[in-house]
Amino acid sequence: MATGTSVSPGRSRGGGPASYLALREYHKRAYDFLSVALEIDESGKGEPTDAIDYYSRGVAALEEGIACDVYEVGEDQEKAEKLKERMISNLEMARDRVNVLLQGGALKGVSLEAKRPHLQPTASLRVHKITPPREPTNKKKPAKNPVMGKPRVSHIKGIDHQLADKILDEIVDQGELTVTWDDVVGLELPKRTLQEIVILPALRPELFTGLRSPARGMLLFGPPGNGKTMLAKAVAHESQAKFFNISAASLTSKWVGDGEKLVKTMFALARELQPSIIFLDEVDALLSKRGGSEHDAMRRIKNEFLQSFDGMHTQEGERILVMAATNRPQELDDAALRRFEKRIYIPLPGKEARKSVLRKLISKHHNLLSEDQLNKLASMTDGYSGSDLTALAKDASLGPIRELDFNALKSVPANQVRPIGLNDFQLSMRTIRPSVAKDLITTLEQWNTLYGVSS
Ligand code: ATP
């Protein structure tokens, strides 16, 4: 959460010269305020005046940032320009919302003019005192997805109802979607980007129309086992969308013969049941540059996919998002890349993220790992993916059990099994090794530099 008042060295408060990084800080600060505002606004739990207050602080931070003259050159200059554009659209959104709240009589007994100055351009900001946002008091519990239960589809025209039923049984998550942002450890930048381009438009669809229409396609790429699927599920959960989860490879294996029809029916269902997210895992299996070597069935499925994709959002306000995941983005063809406007890199976890994943994994078991030992373990597991860490912790947790002979194992009370220690992890690390090759990381990082969303 932003602390609000600090200004980095070398950065002036609005209007002065600033680096790209300084601009990002303004954006982050604004984002934190606007997130609190939205939380209050949407949950209806706080006072509208509080929401307006936070919107105003967000507006102030955005205005300060936008007023800066960025002195970067080359790539950083381009990134700064893009970021400014985004800040300007966030600014409009926040101002619009405050105006709606003000006009809606949200401030009974409070003078409109007393609040409006915060929304005026930068002049007012020189005296704008920013205090830290209050932390929301209630930690959000994973609520059940409100779109639970199998929906009825018999009324939908022009689709194969049997196939639709099969899709609902096997591809759509029927309300058991409970992955939240908090479950996905680390990945702050991807989370922030996803919140901005998916969650905000989902919460305030009326603000994101015309030029501000949300992205239709988003690509998550990165080494295997680092939370791409978890993130997609969290996005669906947080935006309360129906979640269609299919792997591109299964279109020609499990759904053999039905692939083309399945794609068409899935898009029709997604439109009918919107808001919807179609998550296409291993998208490279469907949309790669194979050209002449791909077989006919695959080409037909691919064409159907591209056509269905283009048919989305033909009506204003449609809320369907296609999220795709791959470990091989470099194999995607141009037609696919064009459609996935946002491409987000999901990297291997850094040291802090590894520590958090490990801490979370062992927290449910009796263990003796001190903070120092966790730090050490996090350093030792450089190169491990999220799923490698899960495998490692699972193996280490069996260490105390492996020491017991069969008879002891049959009778020992659970609370007398010795706690898991650092030594168990060290032993397990001999067999559970990092699964991601360094070459793959280099390729992915290069691709990210060329095609990824980098701010
Ligand atoms: P793939 O490319 O192989 O499909 P993926 O990137 O989609 O992999 P997930 O399926 O999301 O990876 O993650 C695999 C498992 O690894 C998760 O079920 C979870 O146990 C663990 N994991 C990976 N990343 C994270 C993370 N950031 N936070 C918590 N757990 C994680």
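Cut-offs and rules
Residues numbered from 1 in each chain as written. Predicted model: local features only at pLDDT ≥ 70, side-chain atom pairs only at ≥ 80, totals over all residues. Heavy atoms only, no water. Helix = DSSP H or I, 4+ residues; strand = E, 2+ residues; numbered from the N terminus. Buried < 20%, exposed > 50% of the residue type's maximum accessible area, 1.4 Å probe, protein only. Contact = heavy atoms within 4.5 Å. Areas by Shrake-Rupley, 256 points an atom, 1.4 Å probe, with all protein chains shown as cover. Near = heavy atom within 4 Å. Polar contact = N/O pair within 3.5 Å; in protein donor to acceptor, adjacent residues only side chain to side chain. Salt bridge = Lys/Arg side-chain N within 4 Å of Asp/Glu carboxyl O. Pairing = 2+ DSSP bridges. Phe/Tyr/Trp six-rings, centres within 6.5 Å; stacked < 30°, edge-to-face > 60°. Core = buried A, V, L, I, M, F, W, Y, C linked by side-chain atoms within 4.5 Å.

Comments concerning the overall build of the chain
So, step 1. Of regular secondary structure, the chain possesses 17 helices and seven strands.
So, step 2. Each of the 455 residues in the chain was classed as buried or not, and the buried ones make up 47%.
So, step 3. When contacts within the chain are restricted to residue pairs at least 6 apart in sequence, long-range pairs at least 24 apart make up 80% of them.
So, step 4. As displayed, the chain has an accessible area near 22600 Å², and 52% of this comes from carbon and sulfur atoms.

Here we look at the site of the ligand
So, step 1. By nearness alone, 16 residues border the ligand, and Val185, Gly225, Lys228, Thr229 and Met230 come closest of all.
So, step 2. In the model, a nitrogen atom of the ligand is placed 2.9 Å from a nitrogen or oxygen of the valine 185 main chain.
So, step 3. Protein chains bury 73% of the 630 Å² of accessible surface belonging to the ligand in isolation.
So, step 4. Contributions of two or more residues to the shell around the ligand are made by helix 7 (228-238) and helix 13 (386-397).

Here we look at the pattern of salt bridges
So, step 1. One pass over the structure, following the stated rule, counts 15 salt bridges.
So, step 2. Between arginine 300 and glutamate 260 there is a salt bridge; the shortest N-O distance is 3.0 Å. Taken together, the residues span a long stretch of sequence, with arginine 300 in helix 9 (residues 296-311) and glutamate 260 in helix 8 (residues 259-272) at a distance of 40 residues.
So, step 3. With a relative accessible area of 42%, arginine 300 lands in the partly exposed category.

Comments concerning the pairing of strand 4 (residues 242-247)
So, step 1. In terms of burial, strand 4 is a largely internal element, five of the six residues being buried.
So, step 2. Strand direction decides the pairing type here: strand 4 and strand 5 (residues 276-281), joined by six bridges, are parallel. The residue of strand 5 that forms the bridge with asparagine 245 is phenylalanine 279.

Some details on the side chain of histidine 27
So, step 1. Relative to the helices and strands, histidine 27 is located in helix 1 (residues 20-43).
So, step 2. Note on histidine 27: relative accessible area 7%, which makes it buried.

Quick look at the packing of aromatic side chains
So, step 1. Per the stated rule, a full pass over the model turns up eight aromatic pairs.
So, step 2. Relative to tryptophan 447, the ring of phenylalanine 221 lies with its centre 4.8 Å away and its plane at 80°, an arrangement referred to as edge-to-face. Note that phenylalanine 221 is positioned in strand 3 (residues 217-221) and tryptophan 447 in helix 17 (residues 438-451), a separation of 226 residues in sequence.
So, step 3. Connected via pairs of aromatic rings, a cluster forms that spans Phe221, Tyr345, Trp447 and Tyr451.

Quick notes on the nonpolar core
So, step 1. Ranked by internal contacts, the top residues of the largest apolar core, which has 46 residues, are Ile167, Phe244, Leu286, Leu287, Phe305 and Phe340.
So, step 2. With six residues, helix 8 is the single largest residue contributor to this core.
So, step 3. Phe33, Leu62, Leu83 and Leu101 belong to the second-largest nonpolar core, a separate cluster that totals 33 residues.

Structural notes on the environment of alanine 391
So, step 1. Relative to the elements of secondary structure, alanine 391 occurs in helix 13.
So, step 2. What makes alanine 391 partly exposed here is its relative accessible area of 32%.
So, step 3. Considering only alpha carbons, one finds alanine 391 and serine 428, 37 residues apart in sequence, at a separation of 9.4 Å.

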